[in-house]
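Secondary and tertiary structure notes
Residue strings, one per chain:
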Amino acid sequence: SAVISQKPSRDICQRGTSLTIQCQVDSQVTMMFWYRQQPGQSLTLIATANQGSEATYESGFVIDKFPISRPNLTFSTLTVSNMSPEDSSIYLCSVDTGNYGYTFGSGTRLTVV
Amino acid sequence: SQELEQSPQSLIVQEGKNLTINCTSSKTLYGLYWYKQKYGEGLIFLMMLQKGGEEKSHEKITAKLDEKKQQSSLHITASQPSHAGIYLCGADIKGSNYKLTFGKGTLLTVNP
């Protein structure tokens, strides 16, 4: 199954600033997924990132707030823009590894103060 | 309402005891995934179930998907402190192939 390296593992940010989260996969994958897990809540899909095209966002998430890059088949970034305390969450990237299900990165714990 | 109901929300067991976590949907599940999450970290894949009546085991953990493909259970036999964590079920409930819906998770504590 694929191995994902996600950075940073955690950060504390000032409101109004932006944070970019990176995910590097050790193999080429077509689709990468970005999730948010708010405190005490389940995971919610933010968007799906395909290489060579714009990301597809789920209802309630917009590109201006969560711009995503997918420059190649092994890498993607998610930026959380103009942050507010409500953005404090764990952000996770994920890829489909077929028989091993969906592999997740180790997560980025974001605290906005 | 939550599309994927997971129960119980939390569970405290004594080491050596068996336990079961349930995941229920009102819709047909096209694929059901069980994950374990340590606090504040990423998800560790446990098992994937796709066929009605399917059952898989890995070490002391067994997961089943019912015949109607609307409910799954995760059973841990002779629990150990290493089993502690948050167990999450995720499912493809719309036949979309990749848009997983997750339950809220079950926090398992195993007391030595």
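What comes next concerns the included structure. (Residues numbered from 1 in each chain as written. Chains lettered and ligands numbered in written order. Predicted model: local features only at pLDDT ≥ 70, side-chain atom pairs only at ≥ 80, totals over all residues. Heavy atoms only, no water.)

Concerning the overall build of chain B
Applicable threshold: Note on conventions: DSSP H or I runs of at least 4 residues are helices, E runs of at least 2 residues are strands, and numbering of each starts at the N terminus. When we talk radius of gyration, it's over C-alpha atoms, and the globule rule is simply 2.2 Å times the number of residues to the 0.38. Summary of the burial criterion: residues with accessible area below 20% of their type's maximum are buried, those above 50% are exposed, and those between are partly exposed, where the area comes from a 1.4 Å probe applied to protein chains only. Throughout, a residue-residue contact means that at least one pair of heavy atoms, one from each residue, lies within 4.5 Å. Surface accessibility follows the Shrake-Rupley procedure with a 1.4 Å probe radius. Residue values consider only the protein chains on display as shielding. Charge assignment in this entry is limited to Lys and Arg as positive and Asp and Glu as negative, and neither His nor the chain termini are counted. For this purpose, a charge sits on NZ of Lys, CZ of Arg, CG of Asp or CD of Glu.
Counting secondary structure elements, chain B contains zero helices and eleven strands. Start at the N end of chain B and walk to the C end: the helices and strands fall as β-β-β-β-β-β-β-β-β-β-β. In terms of C-alpha radius of gyration, chain B reaches 13 Å, essentially the compact-globule figure of 13 Å for 112 residues. Counting only C-alpha atoms and orienting by the principal axes, one finds that chain B spans roughly 40 × 30 × 20 Å. By residue count, 48% of the 112 residues in chain B fall in the buried class. Looking at chain B alone, contacts between residues at least 24 apart form 54% of all its contacts between residues at least 6 apart. Of the accessible surface of chain B, which amounts to about 5600 Å², a share of 47% is contributed by carbon and sulfur atoms. Side-chain charges of chain B comprise 13 positive and 10 negative groups, with the mean position of each set lying 2 Å from the other.

A word on the packing of aromatic side chains
All names here are of chain A. Here is the rule: Between rings of Phe, Tyr and Trp, where Trp is taken as its six-membered ring, a pair exists when centres lie within 6.5 Å; planes separated by under 30 degrees are stacked, by over 60 edge-to-face, and by other angles tilted.
Inspection of the entire model under this criterion finds ten aromatic pairs over all chains. Look at Tyr35 and Phe104: their rings are 5.5 Å apart centre to centre, the planes differ by 50°, and that puts the pair in the tilted class. Here Phe104 lies in strand β10 (residues 102-104) and Tyr35 lies in strand β4 (residues 31-37), a separation of 69 residues in the sequence. Overall, the relative accessible area of 0% leaves Tyr35 in the buried class.

Considering the sheet that holds strand β1 (residues 4-7) of chain A
All names here are of chain A. Definition in use: In this scheme, strands are said to pair when DSSP sees at least two bridges between them. Angles here are taken between N-to-C directions and fall from 0 to 180 degrees, while the axes themselves are lines fitted to C-alpha atoms, restricted in helices to the stretch in contact.
As summarised here, the arrangement of the four strands in space is β1-β3-β8-β7, forming an open sheet in which the pairing is antiparallel. Where the open sheet ends on each side, the last strands, each with one partner, are β1 and β7 (68-72). Averaged over all adjacent pairs, the angle separating strand axes in this sheet is 15°, with direction ignored. Note that β1 and strand β3 (residues 19-25) share four bridges and pair antiparallel. By the bridge assignment for β3, Lys7 is matched with Gln22.

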